[in-house]
Amino acid sequence: MAVVLIDDQLFTTIAMEKKLEAESMKRRKIQEWIKETPGVNLENITGGKPIVSIQSTDTSKASPKPSKKRSRKKKAPPPEEEEDTFAYFGYKAPTETEEIRRPAFKRVHSENPILQSLENLHIGTEEITSVKMPDNDKSLEYNDLNRLQYFLGQKKYDKKYFRYPKLTSLATSFAEHGGKLIIVPTDTRIDDFTFAIKPSDIIFPICPDGLHRSQVLYLVLQGIKRMTGSTEGIISPHGSIRGYDPYSLDQEADYRFVSTSEDNVHPVTRIFENTFGQKKASRFGNEKVGPNPDLNYTRRNGGITTPINSTVVSKLRESMNEYFSLYYYKAKPSSGRCIYMAFGSAVPVVLRRIMESNTAQELQAANCYVLALPWTVELYSQDPNPTKLQRAYAHYASFFCPIAE
């Protein structure tokens, strides 16, 4: 018997060819079998074996469920976090249980270092973000007639502080006319008084002459507005009895205009400038007729009194009365409240002038308030000094609370 030697590589090649030929023959037989056998579908071939689903032609027997290839489920990608637009500005949307707050206003600082120090000391340094009204805010008690009668009648505020014994009836008429009157208690620590100031409020500081208490209040209100990032909405001080508005055109009325030149020579004026580091603000009406108009029927110069032409004075008084009715006491609708803050005996004059200048509908539309401040003693009546002015500033600042909108 002959023996044939074949090297390993050639043997391997022959073996592979035979294996491929055998697999090819199996596939041909399977394909022929599928063509000849009804109800068989080729889905896939793995390792030369078909995976088939057999559909029986016998309807009396239930057909088995076709087998399915199990595939791995792809994991869903994690949801993308929504971009918080306000987060860029340092604001996070509040949850349902959190207090609604706004991005802090950029506080405006006074260029006057003395006023800036007073504002930090008596008004605050924290950023204003809350829009919530203070719990003890009294702006919602304006139409409580029992409260008005309590202060005006039982405590005799009408005679002692406002010098008008019929103020209760005048206050009732004002409320019926659409206005809102709030009386500040003399001791705010006992009665727990707070009044919120908003950036959109338009505020009118008023005292009898416009030269003393309203000037200090004017500085306080400017500081409070600066805390909210606003520098607008505080109207120049006004004197309702001895200012530019002849509140009564009757020649016998108790009206006498105090000119700016008279106030400039008063020693208190220099004390004011030294205490606050700036001059007093020009009163409302100065922009119309200047600092020293002839609103009195006589002119004083030294110790000499000179009469003025009554026709000229009466005509100027009528003009200024109309000017104030249109541009000061006429409540104009705006996005904020219209708040007249009046001291002592200025209160009844302000109430009357507002009712003369507006209808009930106009007052309601303008959201008009009168804040009555029951102080009649002059800041400089005895021993005027900077300490009294600083105490007045601190006292007035304690009434108010700046809030955002």
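Because the structure is a prediction, the values reported are computed rather than measured.

1. Observations concerning helix 9 (residues 267-276)
Those residues of helix 9 that fall on the buried side of the exposure criterion are Val268, Thr269, Ile271, Phe272, Thr275 and Phe276. Looking down the long axis of helix 9, one finds its buried residues gathered within 160° of arc, a one-sided arrangement. Along its buried surface, helix 9 packs onto helix 2 (113-122), helix 7 (213-227), helix 8 (260-264) and helix 14 (386-397). A positive backbone phi angle near 75° is found at glycine 277, which sits one or two residues after helix 9.

2. Remarks on the environment of lysine 280
Of note, lysine 280 is situated in the loop between helix 9 and helix 10 (286-289). Take lysine 280: its relative accessible area is 16%, and that puts it in the buried class. With 62 residues separating them in the primary sequence, lysine 280 and tyrosine 218 have C-alpha atoms 9.6 Å apart. Not counting residues up to four positions away in its chain, the partners in contact with lysine 280 are Leu211, His212, Gln215, Asp263, Thr269 and Phe272. Engagement of the side chain of lysine 280 in a polar contact is seen with the side chain of aspartate 263, the distance being 3.2 Å.

3. Here we look at the pattern of salt bridges
On inspection of all chains with the given rule, the structure shows nine salt bridges. Two residues, arginine 107 and glutamate 119, come together in a salt bridge whose shortest N-O distance is 4.0 Å. Here arginine 107, found in the loop between strand 2 (49-54) and helix 2, pairs with glutamate 119, found in helix 2; they are 12 residues apart in sequence, far enough to count as distant. Here arginine 107 falls in the buried class, since its relative accessible area comes to 16%. Owing to a relative accessible area of 1%, glutamate 119 belongs among the buried residues under this scheme. Aspartate 294 is the salt-bridge partner of arginine 299, the closest N and O atoms lying 3.0 Å from each other.

4. Concerning the nonpolar core
By size, the foremost hydrophobic cluster in this structure holds 42 residues, and its most contacted members are Phe162, Leu181, Ile183, Tyr340 and Ile354. Beyond its immediate chain neighbours, meaning those up to four positions away, tyrosine 340 contacts Phe204, Ile206, Tyr328, Tyr329, Lys330, Val350, Ile354, Cys368, Tyr369, Val370 and Leu371. Membership of the second largest hydrophobic core comes to 38 residues, among which are Ile123, Ile182, Ile339 and Leu373.

5. As for the confidence of the model for the protein chain
Summarising the model, the protein chain shows a mean pLDDT of 79, and 74% of its residues fall at 70 or more. Counted against residues more than four places away or in other chains, residues 1-8, with its pLDDT under 50, gives one contact. Contacts for the low-pLDDT stretch residues 82-101, under 50 throughout, to residues beyond four places or in other chains number 12 contacts.

6. Focus on the packing of aromatic side chains
Under the counting rule described, the total for this entry stands at 22 aromatic pairs. Each ring, one from phenylalanine 204 and one from tyrosine 328, has its centre 5.0 Å from the other, and the planes form 80°; the classification is edge-to-face. You can see phenylalanine 204 sitting in strand 5 (residues 202-207) and its partner tyrosine 328 sitting in the loop between helix 11 (310-327) and strand 9 (338-343), a full 124 residues away along the chain. As far as burial versus exposure is concerned, phenylalanine 204 and tyrosine 328 are alike and both buried. Each ring, one from phenylalanine 204 and one from tyrosine 340, has its centre 4.3 Å from the other, and the planes form 15°; the classification is stacked. You can see phenylalanine 204 sitting in strand 5 and its partner tyrosine 340 sitting in strand 9, a full 136 residues away along the chain. Residue placement shows lysine 280 over the ring face of phenylalanine 272; its charged tip is 5.9 Å from the ring centre. When the ring centre of tyrosine 369 is taken as reference, the NZ or CZ atom of arginine 337 above it lies at 5.5 Å.

7. Observations concerning the pairing of strand 9
Among the six residues that make up strand 9, six are buried, leaving the element largely enclosed by the rest of the structure. Going residue by residue along strand 9, you find Cys338, Tyr340 and Ala342 tucked away on one face and Ile339, Met341 and Phe343 tucked away on the opposite face as well. Here six bridges tie strand 9 to strand 10 (residues 368-373), and the two strands are oriented parallel to one another. Along strand 10, the bridge assignment pairs tyrosine 340 with valine 370.

Basis of the calculations
Residues numbered from 1 in each chain as written. Predicted model: local features only at pLDDT ≥ 70, side-chain atom pairs only at ≥ 80, totals over all residues. Heavy atoms only, no water. Buried < 20%, exposed > 50% of the residue type's maximum accessible area, 1.4 Å probe, protein only. Helix = DSSP H or I, 4+ residues; strand = E, 2+ residues; numbered from the N terminus. Arc of directions from axis to C-beta. Contact = heavy atoms within 4.5 Å. Polar contact = N/O pair within 3.5 Å; in protein donor to acceptor, adjacent residues only side chain to side chain. Salt bridge = Lys/Arg side-chain N within 4 Å of Asp/Glu carboxyl O. Core = buried A, V, L, I, M, F, W, Y, C linked by side-chain atoms within 4.5 Å. pLDDT = per-residue confidence, 0-100. Phe/Tyr/Trp six-rings, centres within 6.5 Å; stacked < 30°, edge-to-face > 60°. Lys NZ or Arg CZ within 6 Å of the ring centre and 35° of its normal. Pairing = 2+ DSSP bridges.

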